[in-house]
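One letter stands for each residue in the lines below.
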Amino acid sequence: MEGTLFNIFAGLTLLSALLVVANPFSRNPVTSALFLVTTMISISGLFVLLGAYFLAAVQILVYAGAVMVLFLFVIMLLDLREAARRKLNLVNLVMGIMAVSALFLVYKSSLESTYGEAPQQHEVAADTGQAEAKAVGSTRALGQALFSAENGFILPFEIVSILLLVAMVGVILLSRKEPR
Amino acid sequence: MEPTLSQYLLVSGALFAIGLLGVIVRRNLLIIYMSLELMLNAANVALVAMSRFNGNLDGQVMVFFIITVAAAEVSVGLALIVALYRKRQTADVEDLATMKL
């Protein structure tokens, strides 16, 4: 059951990510943005499979909600119809695919050399550890990990809130009309 | 059958590779920006998978912070793109190759 769901969500994630980057049917940025929404939703499905329930909800709220609305606003603000008609450079495409697949093969082989040799042993260890600790990211557990007094993340949390304030002020400053 | 850690890491690596392909191949600034988001999400998937299989919640806290910072980054980046578009009337990186505005 879990394996089937993993296959569905992983396949959907990779397929829609590929359609964001290189859609053979449409060169319109709006299509890419909508496929990005599909990608985010299937990634949050992967988070649910991993027991990170709070992060799955945040992923949908922040990415599929706020960030994508921002993207669509900007796409519709800029009139990109002329850009949509441009063709991809074939040399660029071939070189890019070669470089990226080489990188991916290096990653895959390093993954196999790390986990491939003794998969049984590693997985047994992981399973028992999981049974003891049960790292389930429910809202309560994540809040306790975030705000616990001795080894929590209270200072980073406050710094992030300042970062958000700075980003807000910066965006207002950047998008202001320049005085002539 | 429950999926293993290396399967999740493989999906994360493939997602990162697709994002990198988008950054290299596409010429539209907005699509490049979306590909950057894909790469950030690939890192998130890897962190959550590690956190799950090691029985430690710190990875998920890290992802929480990454999502927050990514939201701030997206808003600033899109404001920069809009400001650039106002000056140059284009969102194509081929036309933005000079430092001069």
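The rules behind each value
- Residues numbered from 1 in each chain as written.
- Chains lettered and ligands numbered in written order.
- Predicted model: local features only at pLDDT ≥ 70, side-chain atom pairs only at ≥ 80, totals over all residues.
- Heavy atoms only, no water.
- Helix = DSSP H or I, 4+ residues; strand = E, 2+ residues; numbered from the N terminus.
- Buried < 20%, exposed > 50% of the residue type's maximum accessible area, 1.4 Å probe, protein only.
- Contact = heavy atoms within 4.5 Å.
- Areas by Shrake-Rupley, 256 points an atom, 1.4 Å probe, with all protein chains shown as cover.
- Lys, Arg positive; Asp, Glu negative; His and termini not counted.
- Charge placed at Lys NZ, Arg CZ, Asp CG, Glu CD.
- Phe/Tyr/Trp six-rings, centres within 6.5 Å; stacked < 30°, edge-to-face > 60°.
- Buried area = accessible area lost by both parts, 1.4 Å probe.
- Salt bridge = Lys/Arg side-chain N within 4 Å of Asp/Glu carboxyl O.
- Polar contact = N/O pair within 3.5 Å; in protein donor to acceptor, adjacent residues only side chain to side chain.
- Expected span 1.5 Å × (residues − 1).
- Bend = angle between axes of the 7 residues up to and from the residue.
- Core = buried A, V, L, I, M, F, W, Y, C linked by side-chain atoms within 4.5 Å.
- Axes fitted to C-alpha atoms, helices over the stretch in contact; angles between N-to-C directions.
- Parallel < 35°, antiparallel > 145°, perpendicular 65-115°, else oblique.
- Nonpolar A, V, L, I, M, F, W, Y, C, P; charged D, E, K, R; others polar.

Novice: I'm lost on the overall build of chain A in this one. Help?
Specialist: Counting secondary structure elements, chain A contains 8 helices and 0 strands. Starting at the N terminus, the α and β elements of chain A follow one another as α-α-α-α-α-α-α-α. Within the span of chain A, comprising 180 residues, buried residues form 31% of the whole. Put simply, 55% of the contacts in chain A that link residues at least 6 apart link residues at least 24 apart. Surface exposure of chain A reaches about 11,100 Å², of which carbon and sulfur atoms provide 70%.

Novice: Would you mind showing me how to read the overall build of chain B here?
Specialist: Each helix and strand in chain B was counted, giving 3 helices and 0 strands. Going residue by residue from the N terminus, the α and β elements of chain B occur as α-α-α. By principal-axis analysis of the C-alpha atoms, chain B measures approximately 55 × 25 × 20 Å. Long-range contacts, defined as pairs at least 24 residues apart, comprise 53% of the intrachain contacts of chain B with a sequence gap of at least 6. Working note: accessible area of chain B is about 3,800 Å², and carbon and sulfur atoms make up 67% of it. Averaging the coordinates of the 7 positive side-chain charges in chain B and doing the same for the 7 negative ones gives two points 12 Å apart.

Novice: For this particular structure, what's the right way to read the packing of aromatic side chains?
Specialist: Two aromatic rings are characterised by how far apart their centres lie and by the angle between their planes. Residue and element names in this part refer to chain B. One pass over the structure, following the stated rule, counts 7 aromatic pairs over all chains. With a centroid separation of 6.1 Å and an interplanar angle of 50°, the aromatic rings of Tyr8 and Phe53 are classed as tilted. In this pair, Tyr8 is assigned in helix α1 (residues 5-25) and Phe53 in helix α2 (residues 29-54), connecting sequence segments 45 residues apart. We note that Tyr8, like Phe53, is buried.

Novice: Could you clarify how one ought to interpret the interface of chain B and chain A in this entry?
Specialist: In many reports, interface size means the accessible area that the parts give up when they come together. Of the residues lining the interface, 72 residues belong to chain B; the matching set on chain A comes to 79 residues. Summed over both sides, the interface of chain B with chain A buries roughly 6,900 Å², with 77% coming from carbon and sulfur. On the surface where chain B and chain A come into contact, there are 0 salt bridges. Put simply, chain B and chain A have 5 residue pairs in polar contact (both at pLDDT 80 or more) between them.

Novice: How should helix α3 (residues 53-77) of chain A be read in this particular structure?
Specialist: Three- or four-residue spacings in an α-helix give side chains the same orientation, since the helix completes a turn every 3.6 residues. Compared with the 36 Å implied by 1.5 Å per residue over 25 residues, the 35 Å span of α3(A) between its first and last C-alpha is a close match. At Met68(A), α3(A) is deflected by roughly 30°, the largest bend along its length.

Novice: What's the story with the nonpolar core in this structure? I'm lost.
Specialist: One broad trend across soluble globular proteins is that nonpolar side chains are buried collectively. Counting 69 residues, the largest nonpolar core has Phe47(A), Leu55(A), Phe71(A), Tyr8(B), Leu30(B), Leu38(B) and Leu78(B) as its most contacted members. Here this core takes 12 residues from α2(B), the largest share from any one element. Filtering out sequence-adjacent residues up to four positions away, Phe47(A) remains in contact with Ala52(A), Leu55(A), Ala56(A), Gln59(A), Asn44(B), Val45(B) and Val48(B).

Novice: What should I look at first to understand the packing of helix α2 (residues 29-49) of chain A against α3(A) in this one?
Specialist: Between two packed helices, both the angle of their axes relative to each other and the distance between the axes serve to describe the pair. All names here are of chain A. Axis separation between α2 and α3 bottoms out at 8 Å; the angle between their running directions is 175°. One element, α2, and the other, α3, form an angle in the roughly antiparallel class. Contacts from Pro29, Val30, Ala33, Leu34, Leu36, Val37, Met40, Ile41, Ile43, Ser44, Phe47 and Val48 in α2 reach Tyr53, Leu55, Ala56, Gln59, Ile60, Tyr63, Ala64, Met68, Leu72 and Ile75 in α3. For the contact of α2 with α3, a count of residues per class yields 20 nonpolar, 2 polar and no charged.

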